Amino acid sequence: MIQERHRKTAGLYLFTDLAATLAAFLAAWLLRFEVEVIPVTKNVPEFGPYLRLVPFVLALWPVVFYFHGLYQSRRGRSRVDEVLTIVLAVFLATVLLSVVIAWYRPPAAPGSREYFTYSRAFLGLFALMDLTLVATTRMVARSVLRRVRSSGHNLQRILVVGAGLLGREITTKILAHREMGFEVVGFLDDDAGKQGAMICGVPVLGTTRQAEEVLAAQRIDQVFLTLPLEAHKKILQLLDLMARECVEIKLVPDILQYATIKAALEDVDGTPVINLSQMPLQGWNSMMKRTMDLAIALLALIVLLPLLPLIALAIWIEDRGPIFYRQERMGLDGRSFMILKFRSMRVDAEATSGPVWAIKDDPRRTRVGQLLRAWSFDELPQIWNVLTGDMSIIGPRPERPTFVREFKHKIPRYMLRHRVKSGITGWAQVHGWRGNTSIKKRIQYDLYYIQNWSLSLDFKILWMTLRYALRLNAY
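Here the structure is a predicted model, which means the values were calculated and not measured.

## Topic: empty space enclosed by the protein
- Scanning the entire structure with this criterion turns up two cavities of 30 Å³ or more.
- The computed volume of the second largest cavity comes to approximately 30 Å³.
- Taken together, Glu399, Tyr414, Arg417, Ile439, Arg442, Ile443 and Asp446 make up the full set of residues lining the second largest cavity.
- Of the residues assigned to the lining of the second largest cavity, the class counts are three nonpolar, no polar and four charged.

Here it is in structure tokens:
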């Protein structure tokens, strides 16, 4: 049943993609040769050679989209992530189409020795229109499916095995996103005290020994196994039982409570090993993030070029002191680097106090410094730290080694935030957890970012920073 629903959803997206691509092809022709948004310098070509490309386009596009995962059932996928994937897929498909056009050159006319040349401007318009129409139709389809699911239709029925802390946590998260189309039917748990009870608004339907009959009676689509480590033997028995049923099985291993970064499955001569210290950003992901950092940093330098000298001059005029302030911070893999800021405090601010947290309306600030911090302009020189590779645009804020040595003994998993590069802004900062605020809350948000990193999340944080960060109190 569940695979049938997956096929129907994939079929819906396939139909809308093909319709949007065909419409984009026709729209590109009209814009190029009828409306002439780009002036035609030669005669308008015949539509026939372009029409012969349509079957190839309608065959190529779904293949490229498929290998980009656009037909996989991922109910939790964000809009931004899907749009970015569509951008990549359309770009690759257009490149492949360009290669084909370079080799396939039909005669300009029957019996003619000249060959027909396809318009590059047409290809550009086609890619732009296709991206727009495919993204729009997919957003409409997503909206329709979410409304259908929110109204109680097309739901996947979930059974959670284990009503402990892990089971309650996963159930709470599922219930918080009803638009994803999941319905938690109930729990199975061997604790006699929980039988018949309601947990998180969901009933305990029986014990693990009753799993087979509960699966049949409740028409379960997915099973989440959330049992503790000591129930290893029971987990194996349940896996063996449910492998004989038509349900999806998802294991939420209790051991991952000790690893708040994505674990990776490795192979040691055929033996699977879970790496609990896997770097979240490696290979292609690392290259994409570094490319984004360099592009944004260079663009920011160009845009801010008129402003930076004015800030430097204002700092120098106030007390004739240094313009920049360098401070040791701890970044990726616990390595120290010198962070760069516009100086916002007196030159001797920490001469008597030593390293301390900055506070709101800190009396050590200069008048110019108070204005800089109010708008976070004191952080702008860190663009240089991004260009040199010490920092990223997005990531956990780096701390001073003095504070790191203190926090790592007080806050569990604190050092996991050093598994990625530090950032100028981050998930914690755009939610208000910055400066002299709760360290534990900041760690929660930092680890969420590391666990759920994607380019779409980075762009979301960047957008939230541009909208909100300048309104927040400085730190």
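## Some words on the side chain of Gln222
- The topology assignment puts Gln222 in strand E5 (residues 222-225).
- Within the structure, the side chain of Gln222 is placed 2.3 Å from the side chain of Gln156, a separation counted as a polar contact.

## Topic: the side chain of Thr94
- As for its position among the elements, Thr94 is in helix H4 (residues 79-103).
- Those residues in contact with Thr94, other than ones at most four positions away along the chain, are Trp61, Leu123 and Ala127.

## Description of a nonpolar patch on the surface
- A cluster of nonpolar side chains, namely Phe91, Val95, Val99 and Trp103, defines an oily patch on the protein surface of about 490 Å² accessible area.
- Note on placement: Val99 falls in helix H4.

## A word on the packing of helix H7 (residues 211-218) against helix H8 (residues 232-242)
- Where H7 contacts H8, the axes come no closer than 10 Å and their chain directions differ by 40°. On the basis of the axis angle, H7 is oblique to H8. Crossing angle aside, the handedness with which H7 passes H8 is right-handed. Here Ala211, Glu212 and Leu215 of H7 lie close against H8, whose contacting residues are Leu238, Leu241 and Met242.
- For the contact of H7 with H8, the class distribution of residues is five nonpolar, no polar and one charged.

Conventions adopted
- Residues numbered from 1 in each chain as written.
- Predicted model: local features only at pLDDT ≥ 70, side-chain atom pairs only at ≥ 80, totals over all residues.
- Heavy atoms only, no water.
- 1 Å grid on protein atoms, 1.4 Å probe; cavity = no way out; pocket = protein on both sides within 12 Å on 5 of 7 lines; lining within 4 Å.
- Points joined across faces, edges and corners; volume = space filled by probe spheres on them.
- Nonpolar A, V, L, I, M, F, W, Y, C, P; charged D, E, K, R; others polar.
- Helix = DSSP H or I, 4+ residues; strand = E, 2+ residues; numbered from the N terminus.
- Polar contact = N/O pair within 3.5 Å; in protein donor to acceptor, adjacent residues only side chain to side chain.
- Contact = heavy atoms within 4.5 Å.
- Patch = residues over 30% accessible without salt bridge, like charges linked within 9 Å, V, L, I, M, F, W, Y side chains within 5 Å.
- Areas by Shrake-Rupley, 256 points an atom, 1.4 Å probe, with all protein chains shown as cover.
- Salt bridge = Lys/Arg side-chain N within 4 Å of Asp/Glu carboxyl O.
- Axes fitted to C-alpha atoms, helices over the stretch in contact; angles between N-to-C directions.
- Parallel < 35°, antiparallel > 145°, perpendicular 65-115°, else oblique.
- Left-handed = near helix turned anticlockwise from the far one by under 90°.

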